[in-house]
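Commentary on secondary and tertiary structure
Below, each chain spelled out in residue letters.
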Amino acid sequence: MLKKYVMAPGPTPIPAEVLAEASFPIIHHRTPQFQAIFKAANEGLQLFFRTKNQVMTFASVGTGAMESAISNLTSPGEKILVASSGHFGNRWAEIAKAYSVQAELYESEWGHAIDVEEVRKRLKASPDVKIVFTTLNETSTGVLNDIQALTKIVHEAGAIIVVDAISGLGAAPFETDDWAVDVVLSGSQKGFMIPPGLAFVAINQAGVEKNKAAKNPRFYFSYEKALKKLTEEKMPDTPWTPAISLVIQLKKALELIHQEGMEAVWKRHAALAKATRAGVEALGLKLFAPTAPSPALTSVITVDGVDSGLINKTFRDTYGISIAGGQGKQKGKIFRLGHLGYADGSDIILEIARLEMVLHKVGKKVALGSGVKAVEEILLAENL
Ligand SMILES: Cc1ncc(COP(=O)(O)O)c(C=O)c1O
């Protein structure tokens with residue numbers, strides 16, 4: 001028997017209580033029963049996003065939410081700035097192209113965070129840019145960006161900011177309202193601890209104004225329609241059939257998250273990331289993103305002469321553990337260890353213990369137990 005573990009930065013493991021919610025017979029969505037569930041889920045989402053503004057829920061993957069932001073917030077021919085730190089950041093520019101939007105792409109060196117001063121310079125040089133698209137947690141490189149600082153600079157330049165917080169929300173401290181972030185989007189298969197299939201978009205008044213002025217086409221993903229349905233009646237509703245079972249799971253997962261408390265969830269992620277980094281470094285491996293490491297995943301440079309795909313494959317085929325490989329120009333060069341969502345200290349002990357064994361299998365004879373020892377020391381200090 002090979003027991004299966006998902007230790008990737010999405011999809012992430014799902015608590016048993018949340019899985020069980022999907023096993024009940026389907027209910028109809030235009031009923032008081034579902035409306036009460038949807039209302040509770042919405043309130044949980046607002047606490048998760050740290051906003052009093054509306055959070056729209058779409059039946060979609062994260063890329064759909066990204067596309068919705070381009071189609072709802074831009075016009076054909078408009079110039080935008082994309083502040084990217086990797087593969088997912090660059091996706092903003094690809095979507096913009098499909099909507100005839102002119103994206104100026106600023107890409108930080110992979111493995112490093114977006115340089116806030118560079119964004120300031122670019123906005124100064126392009127005063128016609130009224131909207132900036134960026135990423136909280138760049139999953140392809142394991143980098144966390146400083147959204148509070150970026151938002152400040154973007155606002156000083158008279159523009160609004162749209163943040164892909166798909167893999168970062170629930171892992172990194174994030175204050176949508178306090179930092180005045182205009183539009184924030186996320187996806188269910190990450191810090192939400194539910195399966196893929198829901199995408200969320202939080203929007204403030206400046207975002208709503210930009211939406212009204214934006215001329216690109218949208219129908220299913222129309223923010224106007226979604227916001228109207230959320231607010232026009234006493235109970236929030238959706239324009240189309242919602243992904244009923246996923247919304248029910250979402251409500252349950254958010255209850256678990258808020259029982260723990262957002263600050264405690266962020267602290268747990270920071271500690272798990274710290275323990276993972278300590279374990280990796282104790283094995284003599286190098287971190288790919290040491291200067292702005294993510295609390296959701298740890299990216300690691302592969303050992304000399306070994307394609308990181310082989311490390312992935314060995315984790316999966318020999319030990320039943322799905323981690324993640326390198327993407328784009330880092331394919332074969334890095335591997336990524338997830339500690340996002342439903343993860344605790346025991347997961348990190350397992351992940352690093354298996355890493356030691358995988359390294360042996362691919363020919364790097366590390367001292368067995370040395371990574372795990374470093375992990376345990378951090379976990380003891382962090383009480384995890
Ligand atoms: C930061 C980030 N943006 C966008 C996406 C794309 O999300 P999806 O695969 O749900 O479309 C991902 C998925 O890993 C991500 O991590």
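All right, on to the packing of helix 2 (residues 32-49) against helix 9 (residues 244-260) then. At a closest axis distance of 9 Å, the pairing of helix 2 and helix 9 adopts a crossing angle of 45°. If you check the angle between helix 2 and helix 9, you find them oblique. As for how helix 2 packs across helix 9, the hand of that crossing is left-handed. Across the interface between the two elements, F34, I37, F38, A40, A41, G44, L45, L47 and F48 from helix 2 touch I244, V247, I248, L250, K251, L254, I257 and H258 from helix 9. Split into classes, the residues belonging to the contact of helix 2 with helix 9 amount to 14 nonpolar, 2 polar and 1 charged.

On to the layout of surface pockets, then. The volume enclosed by the largest pocket comes to roughly 220 Å³. If you trace the largest pocket, you find 20 residues lining it, with F88, T139, I166, Q189 and K190 closest to the centre. Those elements that place two or more of their residues in the lining of the largest pocket are helix 3 (62-73) and helix 4 (87-98). Ranked by residue count, the leading element in the lining of the largest pocket is helix 3, at 3 residues.

For the rest of this paragraph, the subject is empty space enclosed by the protein. As enumerated under the stated definition, the model contains 4 cavities of 30 Å³ or more in all. As a volume, the largest cavity reaches approximately 150 Å³. In this structure, the largest cavity is lined by 17 residues; those nearest its centre are T57, F58, T238, P239 and W240. Mapped by element, the contributors of at least two residues to the lining of the largest cavity are strand 2 (55-59) and helix 8 (223-231). Examining the composition of the lining of the largest cavity, we find that 4 residues originate from one element, strand 2, more than from any other. By residue class, the composition of the lining of the largest cavity is 13 nonpolar, 3 polar and 1 charged.

It is worth spelling out helix 11 (residues 308-319) at this point. In this model, helix 11 (12 residues) spans 16 Å end to end at C-alpha, consistent with the 16 Å of a helix rising 1.5 Å per residue. Three or more residues of helix 11 are buried, namely S308, I311, N312, T314, F315 and Y319. What you see down the axis of helix 11 is that its buried residues fit within an arc of 160°, all on one side. Looking at the buried positions of helix 11, the neighbouring elements they touch are strand 1 (5-6), strand 12 (321-322), strand 13 (324-325), strand 14 (334-338) and helix 12 (345-361). Taking the backbone nitrogen of G309 as reference, a side-chain oxygen 2.7 Å away marks D307 as the first, capping residue of helix 11. Looking one or two residues past helix 11, G320 carries a phi angle of roughly 70°, positive in sign.

Neighbouring residues of the ligand: 14 residues in total, closest T63, T139, D164, Q189 and K190. In this structure, T139 approaches the ligand through a side-chain N or O atom, which is 2.4 Å from an oxygen atom. At 2.6 Å, a side-chain N or O of D164 approaches a nitrogen atom of the ligand. Contact with the protein chains hides 87% of the accessible area of the ligand, taken as 390 Å² for the molecule alone. Counting residues per element, the ones that place at least two in the shell around the ligand are helix 3 and helix 4. Per-element accounting of the shell around the ligand gives the leading share, 3 residues, to helix 3. Residue composition of the shell around the ligand, by class: 4 nonpolar, 7 polar and 3 charged.

Cut-offs and rules
Residues numbered from 1 in each chain as written. Predicted model: local features only at pLDDT ≥ 70, side-chain atom pairs only at ≥ 80, totals over all residues. Heavy atoms only, no water. Axes fitted to C-alpha atoms, helices over the stretch in contact; angles between N-to-C directions. Helix = DSSP H or I, 4+ residues; strand = E, 2+ residues; numbered from the N terminus. Parallel < 35°, antiparallel > 145°, perpendicular 65-115°, else oblique. Left-handed = near helix turned anticlockwise from the far one by under 90°. Contact = heavy atoms within 4.5 Å. Nonpolar A, V, L, I, M, F, W, Y, C, P; charged D, E, K, R; others polar. 1 Å grid on protein atoms, 1.4 Å probe; cavity = no way out; pocket = protein on both sides within 12 Å on 5 of 7 lines; lining within 4 Å. Points joined across faces, edges and corners; volume = space filled by probe spheres on them. Expected span 1.5 Å × (residues − 1). Buried < 20%, exposed > 50% of the residue type's maximum accessible area, 1.4 Å probe, protein only. Arc of directions from axis to C-beta. Polar contact = N/O pair within 3.5 Å; in protein donor to acceptor, adjacent residues only side chain to side chain. Near = heavy atom within 4 Å. Areas by Shrake-Rupley, 256 points an atom, 1.4 Å probe, with all protein chains shown as cover.

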